[in-house]
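For reference, the chains in residue letters:
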Amino acid sequence: MTALVVATLSVVGAAVSYGIVRHQLYAELDLSLLREANRVSRQIDRADWVGSGECVYVTAPSCVQIIGPGQIVDPPPGELTPPVSAAAFDVAAGEAAPYFSDAAIGDLPVRGYTAPLGEGRAVQVSARADTVQASVTRVGWRIAAAGGLGVLLAGFLGYLSARTVLRPVERLTRTAETVAATRDPGHRIEVSGHDELSRLAAAFNTMLAELEESSAAQRQLVADASHELRTPLTGLRANTDLLGRDLDPERRARVVATLRSQTVAMTRLVNDLIELARGDRGEHRDEAVRLDEVVEHCVVSVRRDRPETGFDLHAEATVVQGDPERLTRAVANLVDNAAKFSPADGTVQVSLFGSELTVRDHGPGIAAEDLPHVFDRFYRSSAARGTPGSGLGLAIVRQVADAHGAALTVEAPPDGGTLVRLHFPDAEPLPR
């Protein structure tokens, strides 16, 4: 397409150039004829123009013809004079305007100009046009050759340009085919420059990086989930086998209670996995949510499940944009995690002021080496491995925070315990 456009422009340019040169050459010839006619009109009263009684005067380089009444239109056969048309007599009689004409003397082309002289006469000045025609033909061939060369050059340069421009697209295509064939998103495209195709390649690399990270996270999630499910499934199978034996009522009751607790743990783990998978797909609603009401609801719910723990709640009326169900799950996980690690007579402090939610407990706290990993999936610190849980609660909190553009941080206060901050930049406190 590029070569076609350039070739078309080259042909059009050659045609325009030919037209301009042709017009200029004939304009110069016409100007010389006009000057000769003006000279004749100024000198027409001189004796040498009219004394001989002839009607044709040939002067180098022009042929001058005085046209008057009673003359013949065409020269006699064999005369080397341009023909005189009927229109020339109309000019002599004042019935027509001056004009240029093309004629021939044998095979010799001539160009003529006819103008009135007054008193029923006119002058027709003619000159050879073969040199002008030869020049026009010669220039035309040269322009045609230059245009043809331009078309060939346009095709060659268009091909090189297309190959150069489309090389990143070719690399992108090969990379996409490789990724599709190997299912390995670890490939990348070399990016150079800042044009649109470079931006496309950079965007494709970003997409591959996200795909690689998502694939790695998925594999890790499956591996971790398999590991976490293996232990409770083994326990369930062992306890189920025990129920098939002849057990005394007391031991059977203990086995049933254990099965019930294991089933609850399995259900919680599966629900957490479903929540993580749903969050990875980006499924959430976006609406105005009263965050203070969500926090109050979560505190009431956790207090009901953990009556031995005290709660100190201070929440201002605040509105955030987000998914109410997922926000409720995240806040509930924060509060429940704080209550789980609080001492029996401890108090969990929950505060919502402005755009920041803080949850603090006064438990054993988190070791410095564990702080960077507390929000990782299935991560359990050495101090928390003896407590119930799947290790997914805080990972769900981080996922929800990322989905809502919130900043999530964890601190270890000097006086012990753990402090978690959840900052919503778009939160809007309501007037009291």
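Residues numbered from 1 in each chain as written. Predicted model: local features only at pLDDT ≥ 70, side-chain atom pairs only at ≥ 80, totals over all residues. Heavy atoms only, no water.

1. As for the confidence of the model for the protein
1) Next: Overall, the predicted model of the protein reaches an average pLDDT of 80, with 86% of residues at or above 70.
2) Next: The weakest mean pLDDT in the protein belongs to helix H2 (residues 47-50) at 40; the strongest belongs to strand E10 (residues 356-361) at 92.
3) Next: Throughout residues 46-55 the model reports pLDDT below 50, and contacts reaching past four residues in sequence, or to other chains, amount to 14 contacts. (pLDDT = per-residue confidence, 0-100. Helix = DSSP H or I, 4+ residues; strand = E, 2+ residues; numbered from the N terminus. Contact = heavy atoms within 4.5 Å.)

2. Digging into a nonpolar patch on the surface
1) Next: There is a patch of nonpolar side chains on the surface, built from Leu153, Phe156, Leu157, Tyr159 and Leu160 and spanning about 510 Å² of accessible area.
2) Next: Along the chain, leucine 153 falls in helix H4 (residues 130-182).
3) Next: By relative accessible area, which is 45% here, leucine 153 ends up partly exposed. (Patch = residues over 30% accessible without salt bridge, like charges linked within 9 Å, V, L, I, M, F, W, Y side chains within 5 Å. Areas by Shrake-Rupley, 256 points an atom, 1.4 Å probe, with all protein chains shown as cover. Salt bridge = Lys/Arg side-chain N within 4 Å of Asp/Glu carboxyl O. Buried < 20%, exposed > 50% of the residue type's maximum accessible area, 1.4 Å probe, protein only.)

3. Considerations on the sheet that holds E10
1) Next: Strand order in this open sheet of five strands is E7-E9-E10-E12-E11, and the pairing throughout is mixed. Both edges of this open sheet fall to strand E7 (310-315) and strand E11 (407-411), since each of them pairs with a single strand only. Between one strand and the next, the sheet's axes are offset by a mean angle of 10 degrees, whatever the strand orientation.
2) Next: Strand direction decides the pairing type here: E7 and strand E9 (residues 347-353), joined by six bridges, are parallel. Bridge assignment links glycine 310 to a residue of E9, and that residue is threonine 347.
3) Next: Its contacts with the sheet put helix H7 (residues 291-305) on E7, E9 and E10, and the angle it makes with E7 is roughly 175 degrees.
4) Next: Relative to the sheet, helix H8 (residues 324-340) contacts E7, E9, E10 and strand E12 (418-423), its axis offset from that of E10 by approximately 20 degrees. (Pairing = 2+ DSSP bridges. Axes fitted to C-alpha atoms, helices over the stretch in contact; angles between N-to-C directions.)

4. Concerning the nonpolar core
1) Next: Val295, Val350, Leu357, Leu422 and Phe424 are the most contacted members of the largest nonpolar core, which has 35 residues in total.
2) Next: Within the residue set of this core, elements represented by two or more residues are H7, H8, E9, E10, helix H9 (393-403), E11 and E12.
3) Next: The biggest single contributor to this core is H8, with seven residues.
4) Next: Discounting chain neighbours no more than four positions away, the residues touching valine 350 are Val295, Val299, Asp312, Leu313, His314, Val335, Leu357, Thr358 and Val359. (Core = buried A, V, L, I, M, F, W, Y, C linked by side-chain atoms within 4.5 Å.)

5. Topic: the sheet that holds strand E13 (residues 428-429)
1) Next: Ordered by their spatial adjacency, three strands build an open sheet running E6-E8-E13, and the pairing between neighbours is antiparallel. Both edges of this open sheet fall to strand E6 (287-290) and E13, since each of them pairs with a single strand only.
2) Next: In this structure, strand E8 (residues 318-322) lies alongside E13, joined through two bridges in antiparallel fashion. Residue valine 319 lies in a different strand from E13, and its bridge partner there is glutamate 428.
3) Next: Sitting on the sheet, H7 touches E6 and E8, and the angle it makes with E6 is about 50 degrees.

6. Observations concerning the side chain of glutamine 124
1) Next: The residue glutamine 124 is located in strand E5 (residues 121-128) in this model.
2) Next: Looking at glutamine 124, its side chain comes within polar contact range of the main-chain oxygen of proline 83, at 3.2 Å.
3) Next: For glutamine 124, the contacting residues outside a window of four places in its chain are Cys63, Val64, Gln65, Ile67, Pro82, Pro83, Val84, Ala88, Tyr99, Tyr113 and Thr114. (Polar contact = N/O pair within 3.5 Å; in protein donor to acceptor, adjacent residues only side chain to side chain.)

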